[in-house]
Amino acid sequence: MTDFLLELRSEEIPARMQKGARADLEKLFAKELAAAGVTASDITVWSTPRRLALIARGLPTQTEAVSEEAKGPTEGAPDQAIDGFCRKNGVTRDQLERRDVKGRQTYFAVIEQPGRAVTDVLAEAIPAIVRAFPWPKSMRWGAASISTESLKWVRPLSGIVAIFGDALVECEVDGVTSGTFTMGHRFHHSGEITIGGADDYAPKLRAAYVIVDHAEREDIVRTGAAKAAADAGLQLVEDEGLVVENAGLAEWPVPLLGRFEDDFLEVPPETIQLTARVNQKYFVCEQDGKLANAFICTANIEAADGGAAIVDGNRKVLAARLSDARFFWDVDRKKTLEEHAKGLERITFHEKLGTVGNRVNRIAAIAADRLPELIGWSEKKARAMQPKLRKAAEIAKADLVTEMVGEFPELQGTIGAYYAAGYGTEISEAIRDQYKPVGPNDDLPSGEVGTLLALADKADALFGFFSRDMRPTGSKDPFALRRAALGVIRLIIENDLRFQLSQLFSAVDWEQLYDSDGVDYSDPSAAIVDFVIDRLKVQQREAGVRHDLIDAVFALGGEDDLVRLLARVHALQSFMATEDGTNLLAGYKRAANILKKEDWHGAEVEIEATGDEDPMANVDDPDMKAVYAAAKQLSYTPEPAEKALIDALVAAQPKAAAAIEAEDFAAAMAALTSLRAPIDAFFEEVTVNADEENKRTARLDLLAQFRAAVHNVADFSKIEG
Amino acid sequence: MILSLHDFWSENGCLILQPYDMRMGAGTFHPATTLRALGPEPWNAAFVQPCRRPTDGRYGENPNRLQHYYQYQVILKPSPSDLQELYLKSLEVIGIDPLKHDIRFVEDDWESPTLGAWGLGWEVWCDGMEVTQFTYFQQMGGYDCKPVAGELTYGLERLAMYIQGVDNVYDLAFNQNGVSYGEVFLENEKQMSTWNFEVADTDALFDLFKKAVAECQNCLTAKLPLPAYEQAIEASHIFNLLQARGVISVQERASYMGQVRDLARGSCEAYMAKNAEAWAEKFPEWCA
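Quick caveat, the model's predicted, so the values are computed rather than measured.

Rules of the game
- Residues numbered from 1 in each chain as written.
- Chains lettered and ligands numbered in written order.
- Predicted model: local features only at pLDDT ≥ 70, side-chain atom pairs only at ≥ 80, totals over all residues.
- Helix = DSSP H or I, 4+ residues; strand = E, 2+ residues; numbered from the N terminus.
- Buried ≥ 20, exposed ≤ 12 C-beta atoms within 10 Å, placed from the backbone.
- Contact = placed C-beta atoms within 7 Å.
- Rg over C-alpha atoms; globule rule 2.2 N^0.38 Å.
- Expected span 1.5 Å × (residues − 1).
- Bend = angle between axes of the 7 residues up to and from the residue.
- Pairing = 2+ DSSP bridges.
- Axes fitted to C-alpha atoms, helices over the stretch in contact; angles between N-to-C directions.
- Parallel < 35°, antiparallel > 145°, perpendicular 65-115°, else oblique.
- Left-handed = near helix turned anticlockwise from the far one by under 90°.
- Nonpolar A, V, L, I, M, F, W, Y, C, P; charged D, E, K, R; others polar.
- Core = buried A, V, L, I, M, F, W, Y, C linked by C-beta atoms within 7 Å.

Colleague: Sorry, what's going on with the overall build of chain B here?
Modeller: Tallying secondary structure elements over chain B gives eight helices and nine strands in all. C-alpha atoms of chain B, sized along the principal axes, occupy 50 × 50 × 30 Å. Residue burial in chain B is summarised as follows: out of 288 residues, 44% are buried. Considering only residue pairs separated by 6 or more positions, chain B has 65% of its internal contacts joining residues 24 or more positions apart.

Colleague: When you look at the overall build of chain A in this model, what are you seeing that I'm missing?
Modeller: Within chain A, the regular secondary structure consists of 27 helices and 18 strands. For 721 residues, the compact-globule estimate of 2.2 N^0.38 gives 27 Å, and chain A exceeds it by more than 25% at 37 Å. Across its three principal axes, chain A shows a C-alpha extent of roughly 100 × 100 × 50 Å. Looking at chain A as a whole, 43% of its 721 residues qualify as buried.

Colleague: Is there a simple way to think about helix α25 (residues 640–661) of chain A in this case?
Modeller: Residues three or four positions apart in an α-helix share a direction because the helix packs 3.6 residues into each turn. Residues and elements named next belong to chain A. Compared with the 32 Å implied by 1.5 Å per residue over 22 residues, the 32 Å span of α25 between its first and last C-alpha is a close match. Its maximal kink placed at Ala652, α25 deviates by approximately 25°, while the proline Pro654 follows within four residues. Glu642, Leu645, Ile646, Ala648, Leu649, Ala652, Gln653, Ala656, Ala657, Ala659 and Ile660 are the residues of α25 that are buried. One or two residues past the end of α25 sits Glu663, with phi positive at roughly 60°.

Colleague: How do you make sense of the sheet that holds strand β15 (residues 283–287) of chain A when you look at a structure like this?
Modeller: Sheet strands line up and pair through hydrogen bonds in the backbone, either parallel or antiparallel. All names here are of chain A. The four strands are arranged β13-β15-β16-β14 in an open sheet whose pairing can be described as antiparallel. The sheet is open, and its two borders are formed by β13 (235–236) and β14 (254–259), each paired with just one other strand. Of the pairings in the sheet, the one linking β15 to strand β16 (residues 290–299) comprises four bridges and is antiparallel in character. Across the sheet, Phe283 pairs through a bridge with Ile296, a residue of β16. Against the sheet, helix α7 (residues 269–279) engages β15 and β16, with an angle of about 5° to β16.

Colleague: Where do I start with the packing of helix α22 (residues 579–597) of chain A against helix α26 (residues 665–685) of chain A in this structure?
Modeller: Two measures define how a pair of helices packs: the angle their axes make with one another and the distance between the axes. Residue and element names in this part refer to chain A. Where α22 contacts α26, the axes come no closer than 9 Å and their chain directions differ by 50°. Judged on the interaxial angle alone, α26 and α22 are oblique. In this structure, α22 crosses over α26, and the sense of that crossing is left-handed. Between α22 and α26, the contacting residues are Asp580, Asn583, Leu584, Gly587 and Arg590 on the first element and Leu672, Thr673, Leu675, Arg676, Ile679, Asp680 and Phe683 on the second. Broken down by class, the residue content of the contact of α22 with α26 amounts to five nonpolar, three polar and four charged.

Colleague: Even after reading the chapter, I still don't get the environment of Val713(A), so can you show me in this structure?
Modeller: Note on placement: Val713(A) falls in the segment after α27 (693–711). Sequence-distant contacts of Val713(A), that is, excluding residues within four places in its chain, are made with Ala656(A), Ile660(A), Ala668(A), Met669(A) and Leu672(A).

Colleague: What should I look at first to understand the sheet that holds strand β6 (residues 104–113) of chain A in this one?
Modeller: All names here are of chain A. Ordered by their spatial adjacency, three strands build an open sheet running β4-β6-β5, and the pairing between neighbours is antiparallel. Taken across any chain shown, the strands that pair with only one partner, and hence form the sheet edges, are β4 (66–74) and β5 (97–101). Taken over all neighbouring pairs, the strand axes of this sheet differ in orientation by 40° on average, direction set aside. Judged from the seven bridges that link them, β4 and β6 form a sheet pairing that is antiparallel. By the bridge assignment for β6, Val66 is matched with Gln113.

Colleague: Where do I start with the nonpolar core in this structure?
Modeller: General note: in soluble globular proteins, nonpolar side chains tend to be found buried as a group. Ile296(A), Ala367(A), Ala393(A) and Leu453(A) are the most contacted members of the largest nonpolar core, which has 267 residues in total. Ile296(A) has contacts with Ala225(A), Ala228(A), Ala229(A), Pro255(A), Leu256(A), Leu257(A), Tyr282(A), Phe283(A) and Cys285(A), leaving out every residue within four places of it along the chain.

Colleague: Any chance you could explain the packing of α25(A) against α26(A) here in plain terms?
Modeller: Residues and elements named next belong to chain A. Direction vectors running N to C along α25 and α26 enclose 165°, while the axes themselves pass 8 Å from each other. Regarding the angle of α25 to α26, the classification is roughly antiparallel. Along this stretch, α25 crosses α26, giving a crossing that reads as left-handed. Looking at the contact of α25 with α26, its residues break down into 20 nonpolar, one polar and four charged.

Colleague: Hey, could you run me through the interface of chain B and chain A in this one?
Modeller: How large an interface is tends to be reported as the accessible area lost when its parts come together. Taken together, the contact pairs 40 residues of chain B with 39 residues of chain A. At the level of secondary structure, the elements contributing two or more residues to the side of chain B that touches chain A comprise β4 (103–107), β6 (117–126), β7 (129–140) and α8 (250–282) of chain B. Looking at the side of chain B that touches chain A element by element, the count peaks at four residues for β4(B). Its residues placed into classes, the side of chain B that touches chain A shows 17 nonpolar, ten polar and 13 charged.

Colleague: Can you walk me through the pairing of strand β10 (residues 176–179) of chain A in this structure?
Modeller: Residues and elements named next belong to chain A. The alternating pattern of β10 places Val176 and Ser178 on a buried face, while none of Thr177 and Gly179, on the opposite face, is buried. For strand β7 (residues 157–164) and β10, the ladder comprises two bridges, and the chain directions are parallel. Pairing of Ile160 across the sheet is with Ser178, part of β10. One ladder, built from two bridges, connects strand β9 (residues 172–173) with β10; its direction is antiparallel. By the bridge assignment for β10, Glu172 is matched with Thr177. The turn joining β9 and β10, which pair antiparallel and follow one another in sequence, is formed by two residues; a positive phi near 45° is taken by Asp174.

Set out below in C-alpha cells:
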C-alpha cells in the first residue's frame, strides 16, 4: 500500500473559495480513482491561500486485472466476419472460445485487461482534475491567453507536486509540469523545498513557515485572538466567519491586538464593528458588555519587532475609516429625520411603484389605519397607538438618504434608530426592527409598533410587486418577495396575530395609495395568499410539518388565518401519525374511489366547499338536516354495519363541528376517530352496489356523507399515502 | 518614490509614459491602459496618472480621502509569470520591508461597467491598508483580452504615508526642505470639494455631458477611435461631477452609466476595427 501527495500551487486563492475547493478536489479525485477501480483507505485535503493539497493513503500500486468477454459471430459464419472480430478484440483465431448460445455454437473472445500501474492512473487523473475544477470564478493568464481556450484557474496556477510513494508522478497541464519541490512562506522562506512524499510534506512546510492544515490555522486564529483579548483584560467578540476568513488569508497566522482612540466610541458601535469586520477583517472586543476601543488583526508574518509596526499601521487604517464614520455621523445629525425624509421623494423605489416617499405613505396607511383594526385591537388602544405608528412609519426610511447608510448600507434601520432616539424608545426600536425578520433565524421586532411597521413594510412590497405582475419566477426573486412572505408568516404566527390574510390586501385602498393615475391595480390578493401559503409549506417542511397536510386544510377554502390553519395542521399531523388516522384515510380513499367510479354526487352537492363559506356553517345548514332525515328514513331495514355507520356519522358530525368552532382541533380529530371502526365494518359487511336501486342510492349517499364529514376537518383527498 | 518606481519598471522592460492630460477617475482610463489592453501586441508601460473622484472629497478633513490624488500605473501584456514577485520587489525598492510590514493579497475582483471591463485579482494590503490594486484583465470594452494583461495600480499618497510614517496625508513631506503635501494640496481639496458638492453649475454640466456624447458619436462616425475615447473619458468625469452634486436619481443613474459605457465600448470597437487586420496578419494565432 502506498500514499499519494498532490499539491496544486497558485497565486492567492480567495479565502471564501477555499472550503468549496477542498471539497471539489476530494470529490474529483475520488471520482478518478473510482473510474480506475481503485480505493484509498483515507483522503485528506488541506488548503492555504497559495495551495490546495491532497493526501491519499493506502493506495495499491497496481489496479486490479479485469477480464472482459465479447460475443462474436456463430460457428460457420464467413471467415471475414470472424477475422474482423479477432482484429477488433486483439486476439488470434485459436484464442477464441466456443460456447453454446441458444443451441448455436458461438465464438467468444476473452480479453484480459492487465492491471495498470496506479502511478499512470494518477498521471492521467491530475490534468483531468485541473481541467474539470469547478471554481466559482476563473481566469486566463500569461502568453497562452492569446487564445481563449487556454487553461483556466482561480488565479494563475504556478506549480504541481505529485508524489506516489517516494516517486514523482510525471504529468503536465498546459505548460505546468509536476515536480517534487514546493515553495515555503512568501517572506519567511526563499527557494525551493524538496518534498520526499506524503509524510514529510506538512513538517517540511511548517519548517518553512507554512501551516498547511487549514483547521490548525483556524485554531491558531481562534485561540490566539481570544488570548490577545484576555491578555488585555477584554472579552473577544467571537466570529467564526472571521476565523475562517483570516485563516484563509495567511499561511502563518499571528493575531495581534491594537487600540484605537477612545473618542471614536461615540459613533454607533454597530458601525465600528461593521467597518472593522467587513472592511478590515478585524475582531472587536468588549469590556463589561460594551464595545472596547480595541481590535485584533491577523498578520501573516512573525515580525522582528513583535508586530508593533503592523499594529500601528492597522490602527491608522481603522482610524481613517472611523474618522469617516464620525464625519458622516456629525453631518447626518445636523438635520432631523423629518428633514432627511423629504429626500425620499426624490428616490425611485421602483419605476412602476413610485418613489420611496410614496412607499412610506403606503406603509404609514397600512400600519396606522388598517392593521390595528384588522388584528383586533380595541378602538381605544388603536387610537392611542396610531400617532406612534404613523410617526414611526414616516421617518422609518429617512436613514436611507443619510451619509452613514450610504456608506454602510447594511446598517439601514440600525442607524435610523440612533437618529430617532429623541422620539422615544418605542419608535426608535420600531425603526431598528422594521426589516425584521431578515432570515429564518433572525429575531422578530421586539415591540408592537415594530411588529406592525415590519408587517406593513412587507405587505406593501408584496402587494406592489404582485399588482404589477413582478412575481418571483423559478430561482429569480430580484425583489426578495419570498423573504417578505416568510417575514409575514413569522410575524403573524409567532405574534399570534389573528386575521384573514386576504383581508390584509383586499381591504386597503391601494388605488388611492398608489396615486394610480389611471393604472389598473387589479387586486392580486388571491395570488399573494397562495404565494404566502406556498412559502408556509416550505418553511414548515423544515419544522417537520407535511406540506400535503397544509394543502388538505387550506383546500377547505376560507382558511387563511395562518395561526388557526397551522393549529389545525398540527392536530391533523398528530392524527395521521396514529393507526386510527391511517385507517380512516384508507377508508376515506375507498369511499372516494367508489363515489368517483359511480360519478356519484348525491348528497355531496349540498355540502361541497365552494371556497367562500365557513365550512362549519354546514352544521346548521337546512340542506344537511334533510340529509340526516333521509338517512334516518330509509325505505328498507339497514344492515347492522350500515346502521352503525349512520349512527356514528350523526354522532360525530356535531362533535367535530363544535370542536372546530372552539378551535379544539385535537377533539375534532377524536370525533373523526369514532368513524374509523364503522367505516371499516361497513366495507367489510355491506355491499354498496346492491341490486336494489333504493339500497344502492342510499348507500352511495351514505358514503358521500362520510366524505363530507371528513371534509369538515380536512380535505383528505390532498393527503398523500 | 516615483523615480524609484520609474527606474525599477524601466529596468524590467516598461516604457515610461507621462500622465494623460484629461480629468479621469482612475489610471485605468488612460488610453495606454484601456486601449492598449486590446489586441495581441505585447505592451509594457508605467506612468503616473492624477485621478479625480469628486464624491471622495472631504473638504480636507479626512486623513486619507481625497478628491484628487495620484496613482502609479503599470501595465504588462501578456502578464508575466513572476508578476507578483516583481511587484513585491518594487515595494522593497521604495522602502517597504515585507518582514516588518504585513503584505497580503486579498480577493478583489475588478469591474468597470462604464468601460465594459472586468478582471480578477486582489487589493494588496500593507498592514491592513489597500496600497495597490492588482488585476488580471479578462475583458475590456466587452472584448476578451487576448492575451491577458496584468495591471498594477499603486496608491502613491498611501504608500508615502507608510514610508514616512505619518497618519495624515497632509503631513507628508513633499521635499526635504519642509514643504508638506498639505501646503501644496490642502487648499485645493477645500475649494474643489466645495465646488464639486455645492457650486458647480449643474445645467452647464448636463449640457457638457450631452455635448461629449454627441462629439464622441461624431468621432466614431469619422472612424477616429482615439478622439472618440477622449470624449468617453470626458463624459465619464462629467457624470461623476453630476453625481457629487446629487442631481442624478438612482433611476437616472443607470441610464447615464449606460451612455458612458456605450461611448467607451464604441471607442474600443472602433479601435479593434481599425487594427484587427494588421494584428491578425502579424499574429496568426490571434483572432478578434
